[in-house]
Amino acid sequence: MYALRRSSWLLSLVLVLAIGLGLGLRVTNLSQKFHWIDEIHSAMRVAGVGKETAVAWATRAASDRQPVTMADLMQFQTLPANQNLLEGLRATTVALATDNPQHPPLFYGFARVLAGFGGRAINQIRLTAALISWLTFPAMVWLAWELFRSWAVALLAVLLLSLSPLHLVYAQEAREYSLVVLLVLVSGALLVRVQRAWHESRAFDPAGRLRRVQRGWLAYGGAIALGLYAHPTFALTIFGHGLWMTWLERFRWNRQMRAWAIAAALGSAAFLPWLVVYLIHFDGMAWVGRDVGWLTIGRRWLIGLVGLFADVQGLTSDRLVNVETGQDEAQLASWVWWGVLLPVGGVVVWSFRILCQFANEAAKCLVLCGLAVPFLALAIPDLIDGGQRSTVPRFLLGPSIGVILAVAYSLAEFWVTPRASRSLAGQYGRRVGQVVTVLLVSVSLASSIAMVRADTWWNKYSSFYDGQVAAALANRPNQWVLTGPEKVGRAIGLGYRTNPAVQFLFVRSPADLAGQPLGNRVWLYRPSREILESLQGRGWQIAPTVERGQLLEATKDS
């Protein structure tokens, strides 16, 4: 067991201040960041409106050949007047079930409650995610303590989590992923705790400890149910837990394995009603199966792994990840690879070596199983059949906890025990560990501050350049913006940022343009090829304004 030195009060103070900074960063500039398409859809569902409802409304507007204002669009982001909480929760659940069943209702129910207190619904959803992410701090301390029985590891783990730019990105997004992280931490801590209580009960006070074990399994089953209602990818965490239990029990089907299986089965059974809804209404996610090539996959894996501690998006103005085409635009300088990505990646690899060499069996097995099972479940299909599932960081936020724990453990080894220090650099090993810790925390803090201050980040994906689009529209608000009805969600996102006087004209085909008073200048936002060819055939000159944002301007001589 580790023991901090008496002089470590200064270190403890620095840790507390850094963790407090992590708490503050999560609620900084929440309303100023650009609202991307997935967040727009989140606000729709909290308001009780499905995406298809909004598209149908935009299609009718196209049939009527009337432009719509930003005020018209914002009806899909506003809670209905005089709707009580129960009615609102029901409307939100129905919207999720029929429109996007891969997003279960647990997080959105919390967001609907908070949105009822007033303010823009989308900002209240972001606040919900941020507040839930605060709870991950004590949950990380709990899990680290249960695994390693070390306050040094626990404090370093929560420090790395609090300043992790990847976790900060999703703590500020109007989505459910901070809740997923919380439940991964809680379920893991409960599992380790009940497993330890079981082994202790066999030697000390069996009757009293057994009741504690039973309560622990009930709590674990409840965490499993909540995790699945947070996001279906939580199922991969359950499989990781199962592999861990199987290994610890040496592949024996004993009483403890049966207890875990029953708890996991009961928790999963609670998800069956939503699973039925999912199977009926889910219409696929074609973009995750888009083949991007092994080189791109490997590049994204490294950037995503390092992104836990050092986010390189702040070092380029181009979009770091393009899930639409699979052709990532950002060309990182060689110094970024040699000065950031490879060194930080090396620290992570070295940390797992230290973990496997010195950590207790239960701790290192849970870290490895919790990381390997979800990652391989997504990576193997990508490598065999093509796809980009394993390159989407939000699907791997739960497994990323294992990386943070491994790094925290290895750093704690260098700070407070000579074992790892001697294995690396003799008497200077502890100093090396201290330098690595300071550098890693400094890079994480710099990345997090850059992310909080930025208007857009890589996690906006297809909406990365929409802030530039909104600024261009605001410069000439009297021009109509032509786009398809299916782009109504993106139009709403622009509406949060651009001039309120901007009007959109939804068009389905060239026939919708007949007789329209377009003047001699119009904007084209993500237009179809059919619309482009029709306008060009009528003598319009088309030029890109924000090319990567797919905003073009069409002009015609008077």
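In the block above lies the structure referred to throughout.
Participant: Which parts of the structure should I look at to understand the overall build of the protein chain?
Facilitator: Scanning the protein chain for helices and strands turns up 23 helices and 6 strands. For the protein chain, the C-alpha radius of gyration of 26 Å lies close to 24 Å, the compact-globule estimate for 558 residues. Overall, the protein chain is about 90 × 50 × 45 Å in size when its C-alpha atoms are taken along their principal axes. Here the protein chain, with 558 residues, has 56% of them falling under the buried criterion. Long-range contacts, defined here as pairs at least 24 residues apart, represent 76% of the contacts in the protein chain between residues at least 6 apart. Counting only carbon and sulfur atoms, one obtains 62% of the accessible surface of the protein chain, whose full area is about 23500 Å². Counting 50 positive and 33 negative side-chain charges, the protein chain places the averaged centre of each group 11 Å from the other.

Participant: Help me understand the environment of Gly20, please; the structure alone is not making it clear to me.
Facilitator: The topology assignment puts Gly20 in helix H1 (residues 9-26). As a C-alpha pair, Gly20 and Trp145 span 125 residues in sequence and 20 Å in three-dimensional space.

Participant: It is not clear to me how the side chain of Thr237 should be interpreted in this structure. Could you clarify?
Facilitator: Mapped onto the secondary structure, Thr237 falls in helix H12 (residues 234-248). The contact partners of Thr237, leaving out residues within four places of it in the chain, are Val184 and Pro374.

Participant: Hey, could you run me through unusual backbone geometry in this one?
Facilitator: Trans is the common state for peptide bonds, and a negative phi is the common state for residues other than glycine. The phi torsion at Arg65 lies on the positive side, around 55 degrees, for a residue other than glycine. In this fold, Arg65 is placed in the loop between helix H3 (51-64) and strand E1 (68-69). Phi is positive for Asn82, which is not a glycine, with a value near 60 degrees. Note that Asn82 resides in the loop between helix H4 (70-73) and helix H5 (85-99).

Participant: I would appreciate a short explanation of the pattern of salt bridges in the present structure.
Facilitator: Pairing of side chains with opposite charge becomes possible as their charged atoms draw close. Enumeration over the complete set of coordinates arrives at 20 salt bridges. Here Arg126 and Glu39 are joined by a salt bridge, their closest N and O atoms 2.8 Å apart. With Arg126 in helix H7 (residues 121-148) and Glu39 in helix H2 (residues 37-46), this pair connects stretches of sequence that are 87 residues apart. Both residues of the pair, Arg126 and Glu39, belong to the buried class. Its salt-bridge partner being Glu146, residue Arg149 comes within 3.8 Å of it at the nearest N-O pair. Arg149 sits in the partly exposed class, given a relative accessible area of 29%. By relative accessible area, Glu146 is classed as buried at 2%. Each of Glu146, Arg149, Arg193 and Arg196 takes part in a single network of salt bridges with overlapping partners.

Participant: Which parts of the structure should I look at to understand the side chain of Asn123?
Facilitator: Note that Asn123 resides in helix H7. Residue classification places Asn123 among the buried residues on the basis of a relative accessible area of 16%. Beyond its immediate sequence surroundings of up to four residues, Asn123 is in contact with Leu30, Ser31 and His35.

Participant: For this particular structure, what's the right way to read the sheet that holds strand E6 (residues 551-555)?
Facilitator: Hydrogen bonds between backbone atoms are what pair the strands of a sheet, whose relative direction is either parallel or antiparallel. Read across the open sheet, the 6 strands follow the order E1-E3-E2-E4-E6-E5; overall the sheet is mixed. Among the strands making up the open sheet, the edge pair consists of E1 and strand E5 (541-546). Across 5 bridges, strand E4 (residues 521-525) lies against E6 in antiparallel orientation. Residue Val522 lies in a different strand from E6, and its bridge partner there is Ala554.

Participant: So what exactly am I meant to see when it comes to the environment of Glu413 here?
Facilitator: Inspection of the secondary structure assignment puts Glu413 in helix H18 (residues 397-416). Residues Glu413 and Ser351 lie 62 residues apart in sequence; the distance between their C-alpha atoms is 10.0 Å. Here the side chain of Glu413 touches Tyr409 through a polar contact of 2.9 Å, side chain to side chain.

Participant: Sorry, what's going on with a nonpolar patch on the surface here?
Facilitator: Together, Trp294, Leu376, Ile380, Leu383 and Ile384 make up an exposed nonpolar region whose accessible area comes to about 530 Å². Per element, the largest residue contribution to the nonpolar patch is 4 residues, and it comes from helix H17 (residues 361-385). The residue Ile384 is located in helix H17 in this model. On the basis of relative accessibility, which here comes to 63%, the residue Ile384 falls in the exposed class.

The rules behind the values
Residues numbered from 1 in each chain as written. Predicted model: local features only at pLDDT ≥ 70, side-chain atom pairs only at ≥ 80, totals over all residues. Heavy atoms only, no water. Helix = DSSP H or I, 4+ residues; strand = E, 2+ residues; numbered from the N terminus. Rg over C-alpha atoms; globule rule 2.2 N^0.38 Å. Buried < 20%, exposed > 50% of the residue type's maximum accessible area, 1.4 Å probe, protein only. Contact = heavy atoms within 4.5 Å. Areas by Shrake-Rupley, 256 points an atom, 1.4 Å probe, with all protein chains shown as cover. Lys, Arg positive; Asp, Glu negative; His and termini not counted. Charge placed at Lys NZ, Arg CZ, Asp CG, Glu CD. Salt bridge = Lys/Arg side-chain N within 4 Å of Asp/Glu carboxyl O. Pairing = 2+ DSSP bridges. Polar contact = N/O pair within 3.5 Å; in protein donor to acceptor, adjacent residues only side chain to side chain. Patch = residues over 30% accessible without salt bridge, like charges linked within 9 Å, V, L, I, M, F, W, Y side chains within 5 Å.

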